[in-house]
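Structure assessment
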Amino acid sequence: MQITLRPTSTQDFEYCNRLYFAGMKKIIEELNLDMAAQAVTFRENWEATQVRIIGVGSSDVGWLQSTMRDDGLFVAQLFVDGPFQRQGIGTEVMNRLIGEAARLDQAVRLAVVKINPALRLYERLGFHTAPEDARKFYMKRDPGSAVSV
């Protein structure tokens, strides 16, 4: 399977928005979060220059948002559309990000809601929990960490 990452444009916002809320709906409901407030926060935090669309063949199958910070590469979002999940796409994309960061001798950081099933993927890829709060684990993978995939 040939997975591609392409730059996004503002025209991709609606696609990313739809995928985000399809993937997060259950979590938002379980945490009793305000859906309208989540929509506002999503719009404020979505930055086209940080977003790449994940493709397989000629189909868009997901998106990711990442940015380089002083403390490493921060993965803000990663979503794979439901019909394409559990096919190794998220793993491949994360491995590419890990590779990008490793070439710069940087850690990869992310935050994941504790009830998000993606937590298992991040643990498998060698991320460890740094701090945590009531809802999220803040995770880090140091450059050169062994991967157990």
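Residues numbered from 1 in each chain as written. Predicted model: local features only at pLDDT ≥ 70, side-chain atom pairs only at ≥ 80, totals over all residues. Heavy atoms only, no water.

**Brief notes about the sheet that holds strand E3 (residues 59-69)**
Here we have seven strands laid out as an open sheet, ordered E1-E2-E3-E4-E5-E7-E6, and mixed in their pairing. Each edge of the sheet is formed by a strand with only one pairing partner; in this case those strands are strand E1 (3-7) and strand E6 (128-132). The mean inter-strand angle of the sheet, taken between neighbouring strand axes irrespective of direction, is 30°. Contacts between helix H3 (residues 89-103) and the sheet are confined to E1, strand E2 (51-56), E3, strand E4 (72-80), strand E5 (108-113) and strand E7 (136-141), with E4 contributing the most and set at about 165° to the helix. (Pairing = 2+ DSSP bridges. Helix = DSSP H or I, 4+ residues; strand = E, 2+ residues; numbered from the N terminus. Axes fitted to C-alpha atoms, helices over the stretch in contact; angles between N-to-C directions. Contact = heavy atoms within 4.5 Å.)

**Topic: the pattern of salt bridges**
All chains considered together, the criterion is met by nine salt bridges. Glu-100 is the salt-bridge partner of Arg-52, the closest N and O atoms lying 3.0 Å from each other. Here Glu-100 lies in helix H3 and Arg-52 lies in strand E2, a separation of 48 residues in the sequence. Looking at Glu-100, the relative accessible area reads 26%, which means it is partly exposed. Residue Glu-92 is joined to Arg-96 by a salt bridge in which the shortest nitrogen-to-oxygen separation is 2.9 Å. Of this pair, Glu-92 and Arg-96 both sit in helix H3, four residues apart, which is roughly one turn of the helix. Take Arg-96: its relative accessible area is 28%, and that puts it in the partly exposed class. Linked by salt bridges that have partners in common, Arg-6, Asp-12 and Asp-60 make up one network. (Salt bridge = Lys/Arg side-chain N within 4 Å of Asp/Glu carboxyl O. Buried < 20%, exposed > 50% of the residue type's maximum accessible area, 1.4 Å probe, protein only.)

**A word on the packing of aromatic side chains**
Evaluated as defined, the whole model comprises nine aromatic pairs. Residues Tyr-20 and Phe-21 carry aromatic rings whose centres are separated by 4.8 Å and whose planes lie at 85° to one another, so their mutual orientation is edge-to-face. The same class applies to Tyr-20 as to Phe-21, namely buried. An aromatic cluster of three or more residues is present, and its members are Phe-13, Tyr-20, Phe-21, Phe-42, Trp-46, Trp-63 and Phe-79. Taking the ring centre of Phe-74 as reference, the NZ or CZ of Arg-69 above it sits at 3.9 Å. (Phe/Tyr/Trp six-rings, centres within 6.5 Å; stacked < 30°, edge-to-face > 60°. Lys NZ or Arg CZ within 6 Å of the ring centre and 35° of its normal.)

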